[in-house]
Amino acid sequence: MKIFHEIAPLRAHLSARPRAQRGFVPTMGALHAGHRALLERARAENGEVALSIYVNRPQFNDAGDFTNYPVTLDADLEMARAAGVDVVFAPPPEALYPDAYRYRVTETTYARTQEGAHRPGHFDGVLTVVLKLFQLIDPGRAYFGEKDWQQLRLVEGMAEALFLPVEIVRCPTVRAEDGLALSSRNARLSPEDRKRAAAFPAAMARAASTEAAVEALRKDGFTVEYVLDDGDRRLGAVVLGGVRLIDNLPLPSFPSPSAT
Ligand code: PAF
């Protein structure tokens, strides 16, 4: 496994290899079993697997969230090695922004709704760094988890709008046994809150309406930012013990009230 911190040697190494056979998993580190599933899928479907680890300041609308974001580079590299990653790109902070973020990618409609309405500027930061990483890694395929549903759809939209020669591969959310979606932020939950957090996906899945889900979550002690239905998905964001959690699920098909 080759580890690059600088852009020039990374590009020199990758340019000698076939891009179409390169699978890419972009991350902010603090890797967990959800990331492992992305890496394993990339490994199974490509001749070469590249992983990026970069905590991208511009996508954090909350300075405290950025400061508290877990950094576990040694453990990340161990997981990468075990998953058969060939190339790791872990640039130093701000190496990706020689322009000091003067140039950025903005989607003007969908990115301002849902998660974007609660995190102003978040998706500008995500799309900008993903485009930069695509430019540097030049993958044939890139793997994104469905847990960040709106991110996934915006990256798909960007790839289409900007004619990027990369296939975006959707990967199902990986959940703990109690149903909580795996997330690097889960590590910041107290043991007691970690137990209570399982009520979040449960309420989202069971409630017959978004209002009922909000009510159930509030009763369970969550601060609810939003629960909404969009097409065949229910999406939500809550805060528990100061930790923000997001999730989304296919909408349940509830029996109609007239059904016996
Ligand atoms: O999903 C993430 O971890 C990040 O948003 C991403 C795609 C690596 C961009 O920083």
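Before any of the text, the structure's been laid out above.
Everything in this summary refers to the structure shown in the same document. Keep in mind it's a predicted model, so treat the numbers as computed, not measured. Per chain, the residues get numbers from 1 upward, laid out in the order the sequence is written. Owing to the predicted nature of the model, reporting of local features is limited to residues with pLDDT of at least 70; listing and counting of side-chain atom pairs is limited to 80 or more, with chain, interface and lining totals taken over all residues. Excluded from the side-chain calculation are hydrogens and water; included are all heavy atoms of the structure.

The next subject is the pairing of strand 7 (residues 223-230). In the case of a regular strand, side chains alternate between the two sheet surfaces. Whether two strands pair depends on DSSP finding at least two bridges between them. Runs of H or I in DSSP of at least four residues are treated as helices and runs of E of at least two as strands, each being numbered from the N terminus. Relative to strand 8 (residues 233-240), strand 7 is paired through seven bridges, and the arrangement is antiparallel. Bridge pairing in strand 8 links Asp230 to Arg233. Hairpin remark: strand 7 followed by strand 8, antiparallel, with two residues in the connecting loop; positive phi at Gly231, about 60 degrees.

Taken together, the six strands give an open sheet; going across it, the order is 1-4-3-2-5-6, and neighbouring strands pair in parallel fashion. Among the strands making up the open sheet, the edge pair consists of strand 1 (2-4) and strand 6 (167-171). Averaged over all adjacent pairs, the angle separating strand axes in this sheet is 25 degrees, with direction ignored. Relative to strand 5 (residues 141-145), strand 2 (residues 22-27) is paired through two bridges, and the arrangement is parallel. Counterpart to Phe24 in the pairing with strand 5 is Ala142. Contacting strand 5 and strand 6, helix 7 (residues 149-161) runs over the sheet at an angle of about 165 degrees to strand 6. Lines are fitted to the C-alpha atoms to define the axes, a helix being fitted only along its stretch in contact, and any angle between axes, read from their N-to-C directions, falls within 0 to 180 degrees. By definition in these notes, contact holds between two residues if any of their heavy atoms fall within 4.5 Å.

The phi dihedral of Ala30 falls on the positive side, at around 50 degrees, and the residue is not glycine. Within the fold, Ala30 resides in the loop between strand 2 and helix 2 (33-45). Relative accessible area decides the class of each residue, using a 1.4 Å probe on protein chains only: under 20% of the type maximum gives buried, over 50% gives exposed, and in between gives partly exposed. What makes Ala30 buried here is its relative accessible area of 9%.

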